[in-house]
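Understanding the architecture of this molecule
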Amino acid sequence: MNVQTGEMTASTTQMPTFFIPHGGGPCFFMDWTVMGGPADTWDKTEAWLRALVSTLPERPKGIVVISGHWEEAAFTASTAVEPGMIYDYYGFPPHTYELKYPAPGSPALAERVVDLLSGAGLPARTDPSRGFDHGVFVPFLLIDPDATIPVVPLSLKADLDPAEHIAAGKALEPLRDEGVLIVGSGMSYHNMRGFRTPAATRPSAVFDQWLTGAVEAPSAERESLLSHWDEAPAGRLSHPREEHLLPLMVAAGAGNASAGRKVFADNVMMADISAFRFG
C-alpha cells in the first residue's frame, strides 16, 4: 500500500511476519554492567536485530509493530504523524531517557489496519497521539537506524485473549501483500523474578522447546496450540502475565498458512529467548 495516501498497491512479493525479543529496557544503548550483568549480555540479540531488514525480500513500505507495552480496551492503531517518545522503563542511566527515534508515522496505514480489524468483526480504533514505547523504539533503533520506514504502533487488546490476537493477525494478513512488515515485539520468556536466577534456566528452556514446536507446527495445529499456551509445560512460569507473549499471536495469525520457524536463539540473564518468523 501507499503509506502516505492509503491506496492499496500490490507488492512484488509477500512480506514475512516476525516475533522479536526487544530486550530489557534500553539494554542495547548502555553499559549493561551497570545493571549487574556482563557487558556482552545483549550483543548477540543486538547483532540479530541489526541484520533483520537484510533478510527481507524487499524494503518495507511501512511497519506495523504490536508492542507488549501497550494495552487498550480495543485494538488501537496510532495515527500520529510524528510519534513522540515514551520512556516506559525505570532505573536506567540518564542518557537512555534522551534516546530519539524520529521515524514517521503513517495515518493512512493506521486507518487501513483499523479497517481490516473492523472488517473482521474485531473492536478497533485509532489514537491520534500515541508515540513509540520502548518495545518499539529500542529494537527499531537497531532494525532501521536511519528511521526512514514509517512505523505504526498497534496495541494489544487488554483482555489478552490469545485466540482474539491470532484473529487480529489473520485480519491483517493482506498487509503482507502490500509491502508492509508486521512485527510482534515482546519476549519469549518474561518472568521478571526469574531473570538472573537459576529459577529461569529450566522453565525458559522447557517453554522455549514447546513454543518452538508450536510455531513450527502446521498452521491449524499452531493456532490451536498457541491459543492454549498457558497449558504448555512451564508456560505460566515463563509468563506470569502474558502481555510480552501476545505479540507473537498477532505475528502468527498474520503468518496464517505460512510456515513458522525459529530464526534466533540466545540465553540472556540465565533464560533462553527466541525470535520467530512466519513466511
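Below, the structure is looked at part by part.

What counts as what
- Residues numbered from 1 in each chain as written.
- Predicted model: local features only at pLDDT ≥ 70, side-chain atom pairs only at ≥ 80, totals over all residues.
- Heavy atoms only, no water.
- Helix = DSSP H or I, 4+ residues; strand = E, 2+ residues; numbered from the N terminus.
- Buried < 20%, exposed > 50% of the residue type's maximum accessible area, 1.4 Å probe, protein only.
- Contact = heavy atoms within 4.5 Å.
- Axes fitted to C-alpha atoms, helices over the stretch in contact; angles between N-to-C directions.
- Parallel < 35°, antiparallel > 145°, perpendicular 65-115°, else oblique.
- Nonpolar A, V, L, I, M, F, W, Y, C, P; charged D, E, K, R; others polar.
- Left-handed = near helix turned anticlockwise from the far one by under 90°.
- Phe/Tyr/Trp six-rings, centres within 6.5 Å; stacked < 30°, edge-to-face > 60°.
- Core = buried A, V, L, I, M, F, W, Y, C linked by side-chain atoms within 4.5 Å.
- Salt bridge = Lys/Arg side-chain N within 4 Å of Asp/Glu carboxyl O.
- Pairing = 2+ DSSP bridges.

**Quick notes on the side chain of Ser-204**
Within the secondary structure layout, Ser-204 lies in helix α5 (residues 198-215). Taking the relative accessible area as the measure of exposure, Ser-204 reaches 2% and is therefore buried. In this structure Ser-204 touches Tyr-189, Ser-238, Met-270, Ala-271 and Asp-272, once residues within four positions along its chain are discounted.

**Quick notes on the packing of helix α1 (residues 43-50) against helix α3 (residues 134-143)**
At a minimum axis distance of 7 Å, the contact between α1 and α3 shows a crossing angle of 65 degrees. Overall, the two elements α1 and α3 adopt an arrangement that is roughly perpendicular. Two secondary-structure elements touch here, α1 through Glu-46, Leu-49 and Arg-50 and α3 through Pro-139, Leu-142 and Ile-143. Partitioning the contact of α1 with α3 into residue classes produces four nonpolar, no polar and two charged.

**Some words on the packing of helix α4 (residues 162-172) against helix α6 (residues 219-227)**
For the pair α4 and α6, the least separation of the axes is 8 Å and the interaxial angle reads 140 degrees. Regarding the angle of α4 to α6, the classification is oblique. Relative to α6, the crossing made by α4 is right-handed. Judged by residue contacts, Pro-162, Ala-163, Ile-166 and Lys-170 of α4 engage Glu-223, Leu-226 and Ser-227 from α6. Partitioned by chemical class, the residues of the contact of α4 with α6 number four nonpolar, one polar and two charged.

**With respect to the packing of aromatic side chains**
Tallied over the full model, the rule gives 16 aromatic pairs. When the centroid spacing of 5.5 Å and the interplanar angle of 80 degrees are considered together, the rings of Tyr-89 and Phe-92 count as edge-to-face. You'll find Tyr-89 and Phe-92 in the same group, each marked buried. Pairwise contacts between aromatic rings join Phe-28, Phe-29, Trp-32, Trp-42, Tyr-87, Tyr-89, Phe-92, Tyr-97 and Phe-137 into one cluster.

**Considering the nonpolar core**
Of all hydrophobic cores here, the largest spans 44 residues; its most connected members are Leu-109, Val-113, Leu-117, Leu-154, Leu-172, Leu-175 and Leu-248. The element that contributes the greatest number of residues to this core is helix α8 (residues 246-255), accounting for seven residues. If we ignore the near neighbours within four places in the chain, the residues touching Leu-172 are Val-113, Leu-116, Leu-117, Leu-154, Ile-182 and Val-250. Core analysis: the next-biggest nonpolar cluster, separate from the first, contains 43 residues, Leu-49, Phe-195, Val-268 and Ile-273 among them.

**Topic: the environment of Ser-118**
Within the secondary structure layout, Ser-118 lies in helix α2 (residues 107-119). Counting along the chain gives 30 residues from Ser-118 to Thr-148, while the straight-line C-alpha distance between them is 29 Å.

**A few points about unusual backbone geometry**
For residues that are not glycine, phi is negative in most cases, and the peptide bond is trans in most cases. Its identity as a non-glycine residue notwithstanding, Leu-160 has a phi of 55 degrees, on the positive side. Following the sequence through the fold, Leu-160 ends up in the loop between β5 (151-157) and α4.

**Let's talk about the pattern of salt bridges**
Evaluation of the coordinates by the stated rule reveals 14 salt bridges. Measuring nitrogen to oxygen at the nearest pair gives 2.6 Å for the salt bridge that ties Arg-112 to Glu-178. Here Glu-178 lies in the loop between α4 and β6 (180-186) and Arg-112 lies in helix α2, a separation of 66 residues in the sequence. On the basis of relative accessibility, which here comes to 15%, the residue Arg-112 falls in the buried class.

**Section: the pairing of strand β8 (residues 271-278)**
Counting buried positions along β8 yields seven of eight residues, so the element is predominantly enclosed. Bridge count for strand β1 (residues 17-21) against β8 is three bridges, and the pairing is antiparallel. For Phe-19, the partnering residue across the bridge sits in β8 and is Phe-276. Of the strand pairs in this sheet, strand β7 (residues 260-268) and β8 are connected by eight bridges, and their pairing is antiparallel. Opposite Asp-266, over in β8, you have Ile-273 as the bridge partner. Linking β7 to β8, which pair antiparallel, is a turn of two residues; within it Met-269 sits at a positive phi near 50 degrees.

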